[in-house]
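Structural overview
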Amino acid sequence: MQILPRSAWGAAPPKSPGRPWAPGGPVDLVVHWVGGNGTIGIQSHTDCPARIKAVQSYEMSQEYSDIAYNLVCCPHGTVYEGRGLGVQGAANGPSTNATKPSVCLLLNTQDTMTPEMQASVLELNRTVTPGTILAHREVNSTTCPGPQVYGWILNIRTQPQPKPPTPVEDDDMPRLVKCDNGDPMVLLTNSIHSRWVQDEAELNDLKALYGPVSTWAPRDFYRPVLVGPSPGPWSGRPAWWPAR
Ligand SMILES: [Zn+2]
Ligand SMILES: [Zn+2]
């Protein structure tokens, strides 16, 4: 999915460089809101960049080195980089800042989470930040992101998820695992982030980028079954990761 860069909202540069993720991160997605009184006052999408800039200005006046959130989602479903996904956020609290990315919904207490926001959070979880969708109040002592968003998060968790396909090893390509529905699959980098390989050309592109792809697993497994050798430590941003 498309994530708009910091330049889309006129970000000020950070006061200090961000910290890299701790081992095991980034995984899961912690959902926040702005949470000010009343309505945030967004009339149209052209208002959204200025609202993000206002969040950054406020937070940088409160001793933050940058906007606290990794990502920001506006009511129209557009996702923007906050700090981006290349560094830790500072919004969740000390126990999860180093491993769990954050997304801030541009909502105040009188605003309602839009269907477009819901779709974008689900797509982030599906394609960019795999793992569990968490409310900020589940990882720290806060009411964020408000009762409506929290209720939505609890509700999507109880809905049945599609069963992941079972990996089956392919004799002709012993390192390649196919799902029982015939789809090939590849797991890249740190054994958490994974994606489908659609065809041989894409596979070859990935091999050119990363060298021999050593580990294969079905997408959407949180802790996939490793078929090849361990992928080793996080070796950098995968090609499909949104560019900064
Ligand atoms: Zn929060
Ligand atoms: Zn918008």
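Anyway, here's the lowdown on the structure attached to this text.

The rules behind these values
- Residues numbered from 1 in each chain as written.
- Chains lettered and ligands numbered in written order.
- Predicted model: local features only at pLDDT ≥ 70, side-chain atom pairs only at ≥ 80, totals over all residues.
- Helix = DSSP H or I, 4+ residues; strand = E, 2+ residues; numbered from the N terminus.
- Buried ≥ 20, exposed ≤ 12 C-beta atoms within 10 Å, placed from the backbone.
- Contact = placed C-beta atoms within 7 Å.
- Core = buried A, V, L, I, M, F, W, Y, C linked by C-beta atoms within 7 Å.
- Expected span 1.5 Å × (residues − 1).
- Pairing = 2+ DSSP bridges.
- Arc of directions from axis to C-beta.

In this section: the overall build of the protein. Per the secondary structure count, the protein includes four helices and ten strands. For the protein, the succession of helices and strands along the chain, N to C, is β-β-α-β-β-β-α-β-α-β-β-β-β-α. When each of the 244 residues of the protein is scored for burial, the buried share is 34%. Taking the contacts inside the protein whose residues are at least 6 apart along the sequence as the reference set, 67% of them involve residues at least 24 apart.

One broad rule of soluble globular proteins: the nonpolar side chains tend to lie buried together. Judged by nonpolar contacts, the single largest core of 38 residues is most densely connected at Val31, Val72, Cys73, Val103, Cys104, Leu105 and Leu106. When residues of this core are traced back to their parent elements, those giving at least two are strand S2 (29-33), helix H1 (48-61), strand S3 (71-73), strand S4 (79-81), strand S5 (102-105), helix H2 (115-127), strand S6 (133-135) and helix H3 (146-158). Looking at which element gives the most residues to this core, the answer is S2, with four residues. Leaving out residues up to four positions away in the same chain, cysteine 73 has contacts with Val79, Val103, Leu105, Leu106, Met117, Ser120 and Val121.

Okay, H2 next. Compared with the 18 Å implied by 1.5 Å per residue over 13 residues, the 18 Å span of H2 between its first and last C-alpha is a close match. Among the structural elements, S2, S3, S4, S5 and S6 are those in contact with the buried residues of H2.

Looking now at the environment of alanine 91. By the element assignment, alanine 91 lies in the loop between S4 and S5. Overall, alanine 91 belongs to the buried group, with 25 C-beta atoms counted inside 10 Å. In the structure, alanine 91 is positioned ten residues away from proline 101 in sequence and 8.9 Å away in space, judged by C-alpha atoms. Ignoring any residue separated from it by four or fewer positions in sequence, one finds alanine 91 in contact with His32, Ala68, Tyr69, Ser102 and Cys104.

Before going further, it helps to spend a moment on the pairing of S2. Every regular strand shows the same layout, with side chains that alternate between the two sheet faces. Of all five residues in S2, five are buried, a share of seventy percent or more. Burial along S2 is two-sided: the residues Leu29, Val31 and Trp33 and Val30 and His32 are all buried. Judged from the three bridges that link them, S2 and S6 form a sheet pairing that is parallel. Within the sheet, the bridge partner assigned to leucine 29 lies in S6 and is isoleucine 133. Across four bridges, S2 lies against S5 in parallel orientation. When the sheet's bridge partners are listed, valine 31 is paired in S5 with valine 103.

Let's shift gears to the environment of glycine 84. Within the fold, glycine 84 resides in the loop between S4 and S5. Take glycine 84: there are 23 C-beta atoms within 10 Å of it, and that puts it in the buried class. Along the sequence, glycine 84 and glycine 18 sit 66 residues apart, while their C-alpha atoms lie 9.7 Å from each other.

Another aspect to go through is H1. Over its 14 residues, H1 extends 20 Å from the first C-alpha to the last, a length consistent with the 20 Å expected when each residue adds 1.5 Å. Of all the positions in H1, only Cys48, Ile52, Val55 and Gln56 are classed as buried. Viewed along the axis of H1, the buried residues span an arc of 95°, placing them on a single side of the element. Opposite its buried face, H1 presents the exposed residues Ala50, Ser57 and Ser61, each directed more than 90 degrees away. Looking at the packing, one finds that the buried side of H1 touches S3, S4 and S5.

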